[in-house]
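Okay, here's what each chain looks like letter by letter:
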Amino acid sequence: MSTRQRVQSRLLQNKLAMAGAVYLVVIVLVAVFAPLLAPHDEVLATRFQDILFEPSGEYWLGTDQVGRDIASRLMFGARYALFAGVEAVSVALIIGIPLGLTIGYFRGWVDRIVMRAVEAVAAVPAIVMAMAIIAGLGTGLTKAMLAVGLVYSMIIARLTRAEVFAAREELYVDGAIASGASNRRVMFRHVLPNVAPALIVQTTLLFASAVLAEAGLSFLGIGASSNQASWGRMLRDAQTSIDRTIWPAIPPGIMVFFTVIAFNVFGDGLRDAFARQARGGRVGVGDVQAAASVTGDHPVRPPNTDALVSVRGLSVVFPRPGTGDDVHVVSGVDLDIGRGQVLALVGESGSGKSITALSLMGLVPDPGLASAASITLDGQELVGMPFDQLRGIRGTQMGVIFQEPFAALNPAYTVGRQVAEPLRYHLGLSKAAARQRVIELFGEVGIPDPATRIDAYPHQFSGGMAQRVVIAMALACEPKLLIADEPTTALDVTVQGQVLDLIGDLARERNMSVLLITHDLGVVADLADDVAVMYAGEIVETGRLVDVFTDPQHPYTEGLISAIPRNEARSGDLATIPGVVPSPWEWPDHCHFADRCAHAVDACRQGPVELRVSKSGSSRCVRLGELELAGVRA
Amino acid sequence: MTEPLLDIDGLTIVFPGGRGQLPWQRRPDVRAVQDASLTVGVGETVGLVGESGSGKTTLGRAVLRFLTPVEGSIRLGRFDVTSFGRVVPPAYRNAVQVVFQDPVGSLNPSMVVADIVGEPLMLHEGLKGEARRARAAELLEQVGLRAEHLDRYPHEFSGGQRQRIAIARALATSPDLIVLDEPVSALDVSTQSQVINLLEQLQRDTGAAYLFIAHDLAVVRHACERIVVMYHSRIVETAPADAICEQPTHPYTELLLASIPDPDPDVQRRKSEHRRALTRGVTGAIGAAPTDSCPFADRCPHVMDICRESFPDEVATMTGGTVACHLHTSGPRLGGRPLAELSGDEAVTSTRRPAEKEATT
């Protein structure tokens, strides 16, 4: 599906925006066919004596102070409104886009000089600026809208420049320059199409402003002339008879109002449609539903009461992009994390490991739906728990570390304040006590000079130090479970080891369990006690670290192990797993890995494969026991 | 030795500091690359390794002529890159191509693959219409994709496939050199090896040389013949790939090697002990790179007084490379022999100070 189709389908689903679009189409049709549709003349009264008539069969909306039919004039007025909009916006685009592109792309002194001029123009109210320009050019609708267009061109130039600034930094722009594209080609082929959505939205909104500006200027008498039935002019005419009746002012007022609204809702709809993520529906997260209906045929093992965390039959369903059909991205996952143990959940991207961890916290990203037979944390059943209670448990008994430390920290607050927040919110500590505790925590996670560093902002930390802050935050409420999702992937390799050591030490000291999610088997070997290997939404192998890595029981585990680059001399091509993880809607009913597996036989494609007990754990392989698979010491 | 394809000599790149918080304040200049020299032979793959902020990407961008060095020279074949004016000769753009790390940001989302791969064909060979499309299809097949992919948009591909598209685009002009800036860092391990195998296959077919920029020494060892290690703006060691990974001569290279986690739990236990023994302090490189001392001095387990007084001269190593470290000319005077020779000397290797040990626990 192309971007255009995606935008179209989103726009069509937005009822308010479509209502605005339909209204605008009607206005355009009326404007075009006004001479045919209008029952009376635009300028001349039908009969001189018919002044200020109430609405009637002959005059649908009555007549004005000189006896002209208001309904007919409204129809002709649509022409002036559209003409005004098109003229002002065209002028704005023709001047604004090239100007904004040029200064945004080349920057430097041209940019500095032009921007000062743009700022000066923008500092004066548009209508005053337009009046000043009209004073020079003379009155008349065309000149008035030319003036308005000039003012708007500054808005467009500014927006284009800002968007180009951002687009200019994209790697594909560098790529185009490296392949020898001229500046003009880069600007018009690579930058402009990718800033177009913002410009299209702004253009639509400018139409609304232009219609309003036309009405305003015509009302003041410096826009449309007396023989042009613009809506603004009609308001001006209505004003002369305001002491007798207010009626003639109402229809043009309503037309201006609805036209401006229509442009605005359509513009907002476009903006939402262009947004990279769907905005519709609930924002946020859902908790885990009880799963009697989902687990279906295979019996659910009872939770392991010795483990700190025991997950049974966890499944997550997402609507498939485009079609909206339900697709399983995680299916029937059982996990046990022992007390004080580190369980590594490993797999390629797209295997469902991060979603599994989020579900465990009751944080399934919208629009996903998670269900499980049981998730217990320290004996408490989390499935079906009220949201507020679950939030309390999440805050105090679970801590989480993500890949990107800077994404987890708010740049606007000091790190000390951010680490103190859960202490004050969940544990009810006083400000001073929380501060003292944060200083201790910073010491524990190895941040030098903690008493001073707590008043620093995130940007004043290196990546490794920022990750220590995040770890301190995760540990603030003494959680029983730490969830670490790729905690060192974004860090330099020489810093990675230190952070892994820290997580390991903290887990041991506090007898805290860790769920480590990573694709790096080296990191797993460094930190984990147990391993669960995930492929295409399913657990395919579990066991103790040493057993799984030295004597894997599933071909996928073997593939991952052989593909990891190790510091040793090589011969021949590097080992790979052919192909890629298929998209969730392409997962077969039989063994998910069969199509990439070097050991696959017909039996592998006969039907679903259950997780079976292996000699050191469990494996979801049809040929379990038949295969000699290579581990890390092969 | 035959004439190298790419010859970088004494390259220094400085980013001006720009304005500070107040109009009259200026932030200090950032010396991203200092006095760096390296060569890449015809059809050779040279790995450029370092952590974030080491200057490796900046050096690559200088080769692509995205920025101008303040000192030093870059020559590629008959081109003197540093003498180019505002307009870079099209022939140079033909000769040097690039593949970036980020497979999401490096392809224009509003163009179909036929146009992405076809753009350099149009710009350099003037190919149009069907001829261009046919050549683009050939390139796609060369990187393991199919002609049917021509009309798709980048977002319809997986990370590995997108990287293949970026490689096809880079190959379009039959370049002499491709700058590979972290080409596999964003990919899964299984896909990483697929892309490295592909790059090697293409090198055998086309004879292009690669400047392979990466942070993972193990990946680079598998992909490259020679490795250049950068730390905080300086090139600290160069050597043939196997030599540098077996017998490092610079303490930073040694730390880097000890930091690559191994999937064998027993090996990893030994490695992390070794790494802890080599680690001083709790941070990576921070702040501006020093101009007149070794930038690694604050983290180096072997640090000597002289390390804070001057940046060491380059010394030839026994393995056929170079190293810039005072250990080779002062103190133990290794004179190009591997660092392992120091390991008998307990006092030198375990300089982990008790005060810092407390800070980390």
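Keep in mind it's a predicted model, so treat the numbers as computed, not measured.

Topic: the packing of aromatic side chains
Residue and element names in this part refer to chain A.
Next, step 1: Evaluated as defined, the whole model comprises twelve aromatic pairs over all chains.
Next, step 2: A ring pair is formed by Phe257 and Phe258, whose centres lie 5.3 Å apart and whose planes are at 80°; its orientation type is edge-to-face.
Next, step 3: Owing to a relative accessible area of 49%, Phe257 belongs among the partly exposed residues under this scheme.
Next, step 4: Ring geometry for Tyr535 versus Tyr556: centroids 4.5 Å apart, planes at 55°, classification tilted. Here Tyr556 lies in helix α23 (residues 555–563) and Tyr535 lies in strand β13 (residues 530–535), a separation of 21 residues in the sequence. Of the two residues examined, Tyr535 and Tyr556, each falls in the buried class.
Next, step 5: Taken together, Tyr535, Tyr556 and Phe593 form an aromatic cluster joined through their ring pairs.
Next, step 6: One residue, Arg107, lies across the ring of Phe165, its end atom 4.6 Å from the ring centre.

Overview of the pairing of strand β1 (residues 6–15) of chain B
All names here are of chain B.
Next, step 1: Among the ten residues in β1, seven count as buried, and that is most of the element.
Next, step 2: As paired elements, β1 and strand β2 (residues 30–40) share seven bridges and run antiparallel to each other. By the bridge assignment for β2, Asp7 is matched with Thr39.

A few points about the pattern of salt bridges
Residues and elements named next belong to chain A.
Next, step 1: Following the criterion strictly, the structure yields 47 salt bridges over all chains and no others.
Next, step 2: Residue Asp388 pairs with Arg391 through a salt bridge whose shortest N-O separation is 3.0 Å. Taken together, the residues span about one helical turn, with Asp388 and Arg391 both in helix α14 (residues 387–397) at a distance of three residues.
Next, step 3: One salt bridge connects Asp551 with Lys615, and the closest N-O pair in it is separated by 2.9 Å. Highlighted residues: Asp551 in the loop between α22 (545–550) and α23 and Lys615 in the loop between β15 (612–613) and β16 (617–619), separated in sequence by 64 residues.
Next, step 4: A relative accessible area of 28% means that Asp551 is categorised as partly exposed.

What to know about a nonpolar patch on the surface
All names here are of chain A.
Next, step 1: On the surface, a nonpolar cluster with roughly 650 Å² of combined accessible area is contributed by Val25, Val28, Leu29, Val32, Phe33, Leu36 and Leu37.
Next, step 2: Of all the secondary-structure elements, those providing two or more residues to the nonpolar patch are α2 (15–32) and α3 (34–37).
Next, step 3: Considering the arrangement of structural elements, one finds Leu36 in helix α3.
Next, step 4: Given a relative accessible area of 70%, Leu36 falls into the exposed group.

Topic: unusual backbone geometry
Residues and elements named next belong to chain B.
Next, step 1: Despite not being glycine, Asp35 has its phi angle at roughly 45°, a positive value.
Next, step 2: Mapped onto the elements, Asp35 comes out in strand β2.
Next, step 3: Its identity as a non-glycine residue notwithstanding, Arg65 has a phi of 65°, on the positive side.
Next, step 4: Its relative accessible area of 14% is what places Arg65 among the buried residues.

What to know about helix α16 (residues 415–427) of chain A
Residues and elements named next belong to chain A.
Next, step 1: Helix length check: α16 (13 residues) gives 18 Å between terminal C-alpha atoms against 18 Å at 1.5 Å per residue, within 8%.
Next, step 2: Taken as a whole, α16 has its buried residues at Val415, Gly416, Gln418, Val419, Ala420, Pro422 and Leu423.
Next, step 3: Buried residues belonging to α16 abut α15 (405–408), α17 (431–444), α18 (450–453) and α19 (463–475).
Next, step 4: Where α16 ends, the next residue or the one after it, Gly428, has phi of about 65°, a positive value.

Considerations on the pairing of strand β9 (residues 226–231) of chain B
Residues and elements named next belong to chain B.
Next, step 1: Within β9, five of the six residues are buried, which leaves the element mostly enclosed by the surrounding structure.
Next, step 2: Direction of pairing for strand β3 (residues 45–49) relative to β9: parallel, over a ladder of four bridges. Of the residues in β9, the one forming a bridge with Leu48 is Val228.
Next, step 3: Of the pairings in the sheet, the one linking β9 to strand β10 (residues 234–240) comprises six bridges and is antiparallel in character. Bridge assignment links Val228 to a residue of β10, and that residue is Thr238.
Next, step 4: Linking β9 to β10, which pair antiparallel, is a turn of two residues; within it His232 sits at a positive phi near 50°.

The rules behind the values
- Residues numbered from 1 in each chain as written.
- Chains lettered and ligands numbered in written order.
- Predicted model: local features only at pLDDT ≥ 70, side-chain atom pairs only at ≥ 80, totals over all residues.
- Heavy atoms only, no water.
- Phe/Tyr/Trp six-rings, centres within 6.5 Å; stacked < 30°, edge-to-face > 60°.
- Buried < 20%, exposed > 50% of the residue type's maximum accessible area, 1.4 Å probe, protein only.
- Helix = DSSP H or I, 4+ residues; strand = E, 2+ residues; numbered from the N terminus.
- Lys NZ or Arg CZ within 6 Å of the ring centre and 35° of its normal.
- Pairing = 2+ DSSP bridges.
- Salt bridge = Lys/Arg side-chain N within 4 Å of Asp/Glu carboxyl O.
- Patch = residues over 30% accessible without salt bridge, like charges linked within 9 Å, V, L, I, M, F, W, Y side chains within 5 Å.
- Areas by Shrake-Rupley, 256 points an atom, 1.4 Å probe, with all protein chains shown as cover.
- Expected span 1.5 Å × (residues − 1).
- Contact = heavy atoms within 4.5 Å.

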